[in-house]
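# Fold and geometry: a report
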Amino acid sequence: MARPAAEVVWGVLLCALLAGMVAAQGPAASAAGVTAVRGAFLDYLDDPFYNGTILAFGPYAEVSPKFPGVPTTAYKEGNVIMPGFIDTHVHYVQSRVTGAYGLHKPEWLQAYIFPEEIKCKNASYARTVANWFLDEMLRAGTTTVQSFTMTARIATDVFFEEAAKRNMRVIAGVTGVDRPGEGPPGYTDTAAQFERDSVAMYNKWHGKGRALYAVTPRYAPGVTNALLAKAGHLFKTLPGVYMNTHLAEVTADVETVKKLFPNATDYYNVFEMHGLVGPRTTFGHSIYLSPSEFERMSKQGSGISFCPASNLFLGSGLFKLATAKGTKTPVRVGLGTDMAGGDYFSQLKVLNNGYKVAMLQNYPVSGLKLLFLPMLGAARALYLDDRLGSFTPGREADFVVLNATGTRELAFRANGNVTIGTDRDRLEFLMFGVAVLGDERVVAATYVAGKRLYSAA
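Heads up: these notes are all about the structure in this document. (Residues numbered from 1 in each chain as written. Predicted model: local features only at pLDDT ≥ 70, side-chain atom pairs only at ≥ 80, totals over all residues. Heavy atoms only, no water.)

## Digging into the overall build of the protein
For clarity, the cut-off: The numbering of helices and of strands both runs from the N terminus, where a helix is a DSSP run of H or I of at least 4 residues and a strand a run of E of at least 2. Note on classification: 1.4 Å probe, protein chains only; a residue is buried when its accessible area is under 20% of the maximum for its type, exposed when over 50%, partly exposed between these limits. Contacts are residue-level and defined by heavy atoms, with any inter-residue pair within 4.5 Å sufficient. Working definition of accessibility: Shrake-Rupley area with a 1.4 Å probe, residue cover restricted to the visible protein chains.
Along the backbone of the protein there are 15 helices and 18 strands. Here the protein holds 457 residues, and the buried ones make up 59% of them. Put simply, 79% of the contacts in the protein that link residues at least 6 apart link residues at least 24 apart. Surface summary for the protein: the accessible area is close to 17,300 Å², and the carbon and sulfur share equals 56%.

So, in structure tokens, the structure goes:
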């Protein structure tokens, strides 16, 4: 029998704290350095957009005798333990201008974003923002972040430092902008400086602890061919490095790219020409893609970050989730808050927007499919599913405990519908409610590398 795409297990998770890994310890294993978390687990074994059903199995009474002497934190019925959320597209340096009113993206960048980001040239200011941002991520149940920074490398250095203090898995990089006129005086970089800073930050941070480096040309309208050439060289020559950028977010960008890069067949081809596609690349938004672009992204293994809250807040457009998750041109898709283009730090609030974006295109998405996007879906988009996104033994022990009845609305809803259909129907009903009605209030605890870093209690 084929394994289901999603499993719900009432059982125990063993975490080796020093290694920060999900551990499969035998009965004779020492309890030293090992902790256990007990409750109902929601885990993904495969992509529910294409495969599988829900399977419930395994009482705790059958599991616990196999692991004597292990200290256990028990979460009562109504809590669900899941892999930690992964934010594949966010801007930590924009945290203080969340919810800026009334402008579309080009004007919004100039009026609010660049003037705020340039303040992060000051290390003390950047550290204050980074600390608040990372703590807010944990409060929202997010354990892994891929973040843009800004042109000054100190903003990247500080971000990695603060993430390391929490032992969080993060991906970031000096964010290149070298086209004249982008941002206030002193904001833009040069291609040569971008290369020097990127190499310095890669050498200092990539693979150190849980940090990973991303070559980060911000977006094609803000960079020159010279910077893209440097980025392409870095992506080709730096082992294991990532690439993170924006793609086809608004129609104005698409038209600008046609003028700035006349030799490119389309927006995505700008990055193809410079070798910035394929595994370990993430393209934020990707709203206005042609069928050809979807096909090439699918074949090349590039990833997309779906940012519905931002796309709605800025009036950017509707991402074609049905195309990206279809069988013709399937693309690796993760979820992004895109703060501060987005107006939520909570991935659950973003999923609410994602459902609506899909429904506006006549593509209803179930709760379990929605929740896949910021967990195993995001891990696969980042090519980190060998480390994150599931409870498979050997994975890093990042997980979140959600109280599925943690708000008045969710509790009232659950208490009135306990007799709906089969066990599978009830679970889908419960988790769909969490996905579209949940927010930070349903996060009971967040664990990073097996250690609890946030608790609502």
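Still to come is the rest of the account.
## Side note on the pattern of salt bridges
One side chain can pair with another of opposite charge once the charged atoms of both are near each other. The line we're drawing: By definition, a salt bridge exists where a carboxyl oxygen of Asp or Glu is found within 4 Å of a side-chain nitrogen of Lys or Arg.
Under the defined criterion, the tally for this structure stands at 24 salt bridges. Salt-bridge contacts for Asp 197 lead to Arg 153; the nearest nitrogen and oxygen are separated by 3.6 Å. In this pair, Asp 197 is assigned in helix α5 (residues 191-205) and Arg 153 in helix α4 (residues 153-166), connecting sequence segments 44 residues apart. By relative accessible area, which is 37% here, Arg 153 ends up partly exposed. In this structure, Lys 349 and Glu 440 form a salt bridge, with 3.8 Å as the shortest nitrogen-oxygen distance. With Lys 349 in helix α12 (residues 347-359) and Glu 440 in the loop between α15 (423-437) and β17 (443-448), this residue pair connects regions lying 91 residues apart in the sequence. Among the charged side chains, a network of salt bridges with common partners joins Arg 127, Asp 135, Glu 161, Glu 162, Lys 165 and Arg 166.

## Things to note about the pairing of strand β7 (residues 85-91)
Counted only if it meets this: Whether two strands pair comes down to DSSP finding at least two bridges between them.
The buried fraction of β7 amounts to seven of the seven residues, a majority that puts the element mostly inside the structure. Sheet analysis places β7 next to strand β8 (residues 142-148), joined by five bridges and oriented parallel. Bridging from a neighbouring strand, Asp 87 pairs with Val 145 of β8.

## Comments concerning the packing of aromatic side chains
Inclusion rule: Note on ring pairs: Phe, Tyr and Trp rings are taken, using the six-membered ring of Trp, and paired if centres are within 6.5 Å. Classes follow the plane angle, with under 30 degrees stacked, over 60 edge-to-face and the rest tilted. To sit over a ring, a charge needs its Lys NZ or Arg CZ within 6 Å of the ring centre and within 35 degrees of the ring normal.
Tallying each qualifying case throughout the model produces 19 aromatic pairs. Cluster of aromatic residues (ring-pair linked, three or more members): Tyr 92, Trp 132, Phe 133, Phe 159, Phe 160, Trp 205 and Phe 345. Residue placement shows Arg 332 over the ring face of Tyr 383; its charged tip is 3.9 Å from the ring centre. Of note, Arg 413 hangs over the ring of Phe 429, and the distance from its end group to the ring centre comes to 3.6 Å.

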